[in-house]
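Chain residues, written in single-letter form:
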Amino acid sequence: MLPLIVDTDTGSDDAVALLLAAASGLGDVRAVTTVAGNVPLATATRNALISLQTAGRPDVPVHEGCESPMTRALSTAQHVHGQDGMGDLDLPDPLGAAEREHAVDVLLAAPRRLPGELTLVTLGPLTNLAAALLRDRDLLRRYRHVYCMAGAADLWGNVSATAEFNVWVDPEAARVVLQAATPDQVTWIGWDVSRRDAVMTPADQLRLERIGTPMATFAHRVNRTVAEWARDVTGLSGYDLPDPVAMAVALRPELAVERERAYVDVALGDEARGQLIIDRRRSAPAPNLTLVRRVDETAFKQLLFDTCEGPR
Ligand code: BDR
Ligand code: CA
């Protein structure tokens, strides 16, 4: 099993990604770190605890991280994921609570104890990772690999015309990560992948409902408000699962069927805030990032269904 650290602004799709990480049998989640993004920090932490409990792993330590982006005010996505980030279902409080150690300290210390062994998966704004990088510029290479749900490589945005939410919320943090990244160490799976390869159609949703286990019901119901947003804003044929598809690539890299290596920066100015700047010219600087561009949709959804069914 892949030893993992998961950094998350736990909203409804992060919750499903945590099920994949903790209950697919492919991941060995050593710690979860939380960050403000989809919802304020305390809500993200609560949702991470609920998700791990649902996955049957209430023992995984959860550490709170940064409560706001590096320089900007926090903009949440509660209009997408619900006020509580989990479809406003009035879920009961989790049994456990967060640990005392700060998320950034965990991101720094964990790979020093196990150099090259841990995979880091980030599912929210990159604030915690950037804060850690300001203290240790070599941090990325201490991990086995770093996967981020971040960006929209085709410039088809979800939070603005051209930007993806996680990068848009804290573009300065995204830039810190990009400036330290190399394509062998860091892979981004963007909203373009989710939009094309991770949309839960009505048939997929029905299949999940029919599985009927607590995990399947949870995965479907918490995305209730995202389905409404898909209908009204993104125009997709159901709720999409950006964080789960990124997690699936981390757990099973062969699910990525198209990749590119490129030099990537992020726009900080108001009009283009959070938009990726991808230099594909022959004269471009050396690539700093691997971008996953397509994922095997059928295999991804099968992994989700199998996980929600639970061990046979
Ligand atoms: C990303 O933003 C959030 O809405 C999701 O949790 C995902 O991490 C998609 O743009
Ligand atoms: Ca997220």
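The written sequence of each chain sets the order in which its residues are numbered from 1. Here chains are named by letter from A upward and ligands by number from 1 upward, in the order in which they appear as written. Restriction of local features to residues with pLDDT of at least 70 applies here, the model being predicted, together with a cutoff of 80 or more for giving and counting side-chain atom pairs; totals for whole chains, interfaces and linings are based on all residues. Only heavy atoms go into the side-chain values, all of them from the structure, while hydrogens and water stay out.

1. A few points about the layout of surface pockets
Of the voids in this model, the largest pocket is the one considered here, and its volume is about 290 Å³. Both cavities and pockets are sets of points on a 1 Å grid over the protein atoms alone; in a cavity a 1.4 Å probe fits but cannot get out, in a pocket the set is open with protein on both sides within 12 Å along at least five of seven lines, and lining residues sit with an atom within 4 Å of a point. Lining of the largest pocket is provided by 26 residues; of these, Asn38, Val80, His81, Asn158 and Phe165 occupy positions nearest its centre. When contributions to the lining of the largest pocket are tallied by element, the ones reaching two or more residues are α1 (12–23), α3 (78–81), α7 (165–169), α12 (224–234) and α13 (242–251). Residues that form the lining of the largest pocket fall into these classes: 11 nonpolar, nine polar and six charged. Grid points are joined across faces, edges and corners, and a volume is the space filled by probe spheres set on the points. Helix and strand labels come from DSSP, where a helix needs a run of H or I of at least four residues and a strand needs a run of E of at least two; each type is numbered from the N terminus. Under the grouping applied here, Gly and all other residues not named as nonpolar or charged are polar, the nonpolar ones being Ala, Val, Leu, Ile, Met, Phe, Trp, Tyr, Cys and Pro and the charged ones Asp, Glu, Lys and Arg.

2. With respect to the coordination of the calcium ion (ligand 2)
Protein-derived coordination of the calcium ion (ligand 2) comes from Asp9 (OD), Asp14 (OD), Asp14 (OD), Leu123 (O) and Asp243 (OD), at a distance range of 2.2 to 2.5 Å. Donor residues for the calcium ion (ligand 2), ordered by position in the chain, follow D-x4-D-x108-L-x119-D. Here Asp14, found in helix α1, pairs with Asp243, found in helix α13; they are 229 residues apart in sequence, far enough to count as distant. The donor set comprises N, O and S atoms within 2.8 Å of the metal, extended to 3.2 Å for Na, K and Ca; water molecules are omitted, so apparent gaps in a site may simply reflect that omission.

3. Some details on the sheet that holds strand β1 (residues 2–8)
Spatially, β3-β2-β1-β4-β5-β6-β9-β7-β8 is the arrangement adopted by the nine strands of the open sheet, whose pairing is mixed. Strands at the two margins of the open sheet, each flanked by one partner only, are β3 (62–64) and β8 (276–279). Taken pair by pair, the neighbouring strands of this sheet meet at an average axis angle of 30°, ignoring direction. Note that strand β7 (residues 256–266) and strand β9 (residues 289–295) share six bridges and pair antiparallel. Bridge pairing links Ala262 to Leu289 in β9. Only when DSSP finds a minimum of two bridges between them are two strands counted as paired. Only the stretch in contact is used when fitting a helix axis, every axis being a line fitted to C-alpha atoms; angles between N-to-C directions are given from 0 to 180 degrees.

4. A short note on the site of ligand 1
We call a residue near a molecule or strand as soon as one heavy atom of that residue lies within 4 Å of the molecule or strand. With respect to spatial proximity, the complete set of residues near ligand 1 consists of Asp13, Asp14, Asn38, His81, Leu123, Met149, Asn158, Glu164, Phe165, Asn166, Pro242 and Asp243. For this analysis, a polar contact is any N or O atom pair within 3.5 Å, provided that within protein one partner can donate a hydrogen and the other can accept it, and provided that sequence-adjacent residues contribute only side-chain to side-chain pairs. A distance of 2.9 Å is found between an oxygen atom of ligand 1 and a backbone nitrogen or oxygen belonging to Leu123. Contact with the protein chains hides 95% of the accessible area of ligand 1, taken as 280 Å² for the molecule alone. Assignment of a molecule to a cavity or pocket requires that more than half of its atoms lie within 2 Å of the corresponding grid points. The site holding ligand 1 turns out to be the largest pocket. Contributing elements (two or more residues each) for the shell around ligand 1: α1, α7 and α13. Of the residues contributing to the shell around ligand 1, the split by class is four nonpolar, four polar and four charged. Each accessible area is a Shrake-Rupley estimate made with a 1.4 Å probe; only the visible protein chains count as cover when residues are assessed.

5. Overview of the UniProt feature "domain: Inosine/uridine-preferring nucleoside hydrolase" (unreviewed entry) in the protein
In this structure's numbering, the residues bearing the UniProt feature "domain: Inosine/uridine-preferring nucleoside hydrolase" (unreviewed entry) are residues 4–302. Helix makes up 40% of residues 4–302 and strand makes up 17%, while its end C-alpha atoms are separated by 21 Å. UniProt positions are given in the numbering used here, feature names are shortened, and annotations may be inferred rather than shown by experiment.

6. Section: helix α2 (residues 41–54)
A helix is expected to span 1.5 Å for every residue after the first. Relative to the 20 Å expected for 14 residues at 1.5 Å per residue, α2 spans 20 Å between its end C-alpha atoms, a close match to the ideal helical length. Accessibility here uses a 1.4 Å probe with only protein chains present; expressed as a share of the type maximum, an area under 20% marks a residue as buried, one over 50% as exposed, and anything in between as partly exposed. Buried residues of α2: Leu41, Ala44, Thr45, Asn47, Ala48, Leu49, Ile50, Ser51 and Leu52, and no others. Contact between two residues is taken to exist if any of their heavy atoms lie within 4.5 Å; hydrogens are not considered. Those residues of α2 that are buried lie in contact with α1, β2 (27–34), β3 and α11 (214–221).

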